[in-house]
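# Structural overview for review
Residue strings, one per chain:
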Amino acid sequence: YLIHSPHHPRHRVETWRGLEQLQREGVARSIGVSNYGAHHLRELIDSPETTVVPAVNQVECHPFLQQNAIEKACLDHGIILQAYSPLVKARKMDDPTIRQIAAEHGVNPAQVLVRWSIQRGYVPLPKSVNPARIAQNADVFGFELTLQEMEQLNGLHMQLTTGWDPTTLP
């Protein structure tokens, strides 16, 4: 089970305690959050009312929107960072850097984006309804991005959100 967003500041800890109760009762094996910024995670973890650290934090993350502060908070507390929209909703498939790296490996731009997530230690959630693309998105273990390629991709950050960004809510 996931709490979808950090809206309603007065109810965040109370809602989390409800998920903790479901986990204790065996209704939920793992519990986590979605769209939580580093400060939201600290709020849950540091609260004297909570006892369970989220297992996962699902946030939009790709080379054009790197969530470094959230990534650090997740690493510091053993929280899995699950990257949604790792394909940037197909808005950056023509980016020259991504296309060049894809050509060098004989893969498509989507595979480069998924592989970037994996090499950063994220669990990517690429979305497609096309069976061929779904198979391609999963076929990312036959190549590895070099350190230089990772640095090139890391250099693409431009704070590009493809939807909303509740990670900055108070």
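Rules of the game
- Every chain is numbered independently, its residues counted from 1 as its sequence is written.
- Local features are withheld for residues below a pLDDT of 70 in this predicted model, meaning they are given only at 70 or higher, and side-chain atom pairs are given and counted only at 80 or more; totals for whole chains, interfaces and linings count all residues.
- For the side-chain quantities, the full set of heavy atoms in the structure was used; hydrogens and water were omitted.
- Note: two strands are recorded as paired if DSSP finds a minimum of 2 bridges between them.
- The helix and strand labels rest on DSSP assignments: H or I over at least four residues marks a helix, E over at least two residues marks a strand, and numbering proceeds from the N terminus.
- We call a residue buried when its accessible area falls under 20% of the maximum for its residue type, exposed when it is over 50%, and partly exposed in between, using a 1.4 Å probe and counting protein chains only.
- The arc in question is the one traced by the directions running from the helix axis out to the C-beta atoms.
- Whether two residues touch is decided by their heavy atoms; if any such pair falls within 4.5 Å, the residues are in contact.
- Residues adjacent in sequence count toward polar contacts only when both atoms are side-chain atoms; beyond that, a polar contact is any pair of N or O atoms within 3.5 Å, and within protein one must be able to donate a hydrogen and the other to accept it.
- Only protein atoms enter the calculation, which uses a 1 Å grid: trapped sets of points that fit a 1.4 Å probe without letting it out are cavities, open sets showing protein on both sides within 12 Å along at least five of seven lines are pockets, and any residue with an atom within 4 Å of a point is a lining residue.
- Grid points are joined across faces, edges and corners, and a volume is the space filled by probe spheres set on the points.
- Under the scheme applied, nonpolar residues are Ala, Val, Leu, Ile, Met, Phe, Trp, Tyr, Cys and Pro; charged residues are Asp, Glu, Lys and Arg; polar residues are all the others, including Gly.
- Between Lys or Arg on one side and Asp or Glu on the other, a salt bridge is scored when a side-chain nitrogen of the former is within 4 Å of a carboxyl oxygen of the latter.
- By nonpolar core we mean a set of buried residues, namely Ala, Val, Leu, Ile, Met, Phe, Trp, Tyr and Cys, connected to one another through side-chain atoms within 4.5 Å.

Turning next to the sheet that holds strand β1 (residues 2–3). Taking strand neighbours across the sheet as the criterion, the 5 strands line up as β1-β2-β3-β4-β5 in an open arrangement whose pairing is parallel. Edge positions in the sheet fall to β1 and β5 (123–125), since each of these pairs with one other strand and no more. As judged from the 2 bridges shared by strand β2 (residues 32–34) and strand β3 (residues 56–60), these two strands associate in the parallel manner. Each residue of the ladder has a partner; that of Ser 34, found in β3, is Gln 58.

We now examine helix α4 (residues 96–105). Every buried residue belonging to α4 is among Thr 97, Ile 98, Ile 101 and Ala 102, and all of these are buried. On an axial view of α4, the arc spanned by its buried residues comes to 130°, and they lie on one face. In α4, the exposed residues that point more than 90 degrees away from the buried face are Pro 96, Ala 103 and Glu 104. Where α4 is buried, its residues touch α5 (109–119) and α7 (147–154). Between the side-chain oxygen of the N-cap and the backbone nitrogen of Thr 97 there are 3.0 Å, and the N-cap of α4 in question is Asp 95.

Looking at the element boundaries, Ser 85 is found in the loop between β4 (80–84) and α4. What makes Ser 85 buried here is its relative accessible area of 15%. Once you skip the residues sitting within four places of it in the chain, Ser 85 turns out to touch Glu 60, Cys 61, His 62, Leu 125 and Thr 162.

So, on to the layout of surface pockets. As a volume, the largest pocket reaches approximately 370 Å³. Along the wall of the largest pocket there are 18 residues; nearest its centre are Leu 87, Ala 90, Met 93, Lys 127 and Ser 128. Top contributing element to the lining of the largest pocket by residue count: helix α6 (residues 131–138), with 3 residues. For the lining of the largest pocket, the residue count by class is 10 nonpolar, 5 polar and 3 charged.

What follows concerns the pattern of salt bridges. Enumeration according to the criterion identifies 5 salt bridges in this entry. With a closest N to O distance of 2.7 Å, Arg 120 and Glu 71 form a salt bridge. Residue Arg 120 is found in the loop between α5 and β5, and its partner Glu 71 is found in helix α3 (residues 68–77); the two are separated by 49 residues along the sequence. Each member of the pair, Arg 120 as well as Glu 71, is classed as buried. Asp 76 serves as the salt-bridge partner of Lys 72, at 2.7 Å between the closest nitrogen and oxygen. Taken together, the residues Lys 72 and Asp 76, both in helix α3 and 4 residues apart, mark about one turn of the helix. Given a relative accessible area of 48%, Lys 72 falls into the partly exposed group.

For soluble globular proteins, the rule of thumb is that nonpolar side chains tend to be buried together. Counting 39 residues, the largest nonpolar core has Leu 81, Val 112, Leu 145 and Leu 153 as the members making the most contacts within it. Where this core is concerned, the elements lending two or more residues are α1 (12–24), α2 (38–46), α3, β4, α4, α5 and α7. Ranked by residues supplied to this core, first place goes to α5 with 5 residues. With sequence-adjacent residues up to four places away left out, Leu 145 is seen in contact with Ile 101, His 105, Val 112, Arg 115, Trp 116, Gln 119, Met 150 and Leu 153.

Its identity as a non-glycine residue notwithstanding, Val 88 has a phi of 55°, on the positive side. Unusually for a residue other than glycine, Ala 90 sits at a positive phi of about 65°. For Ala 90, a relative accessible area of 51% corresponds to the exposed category.

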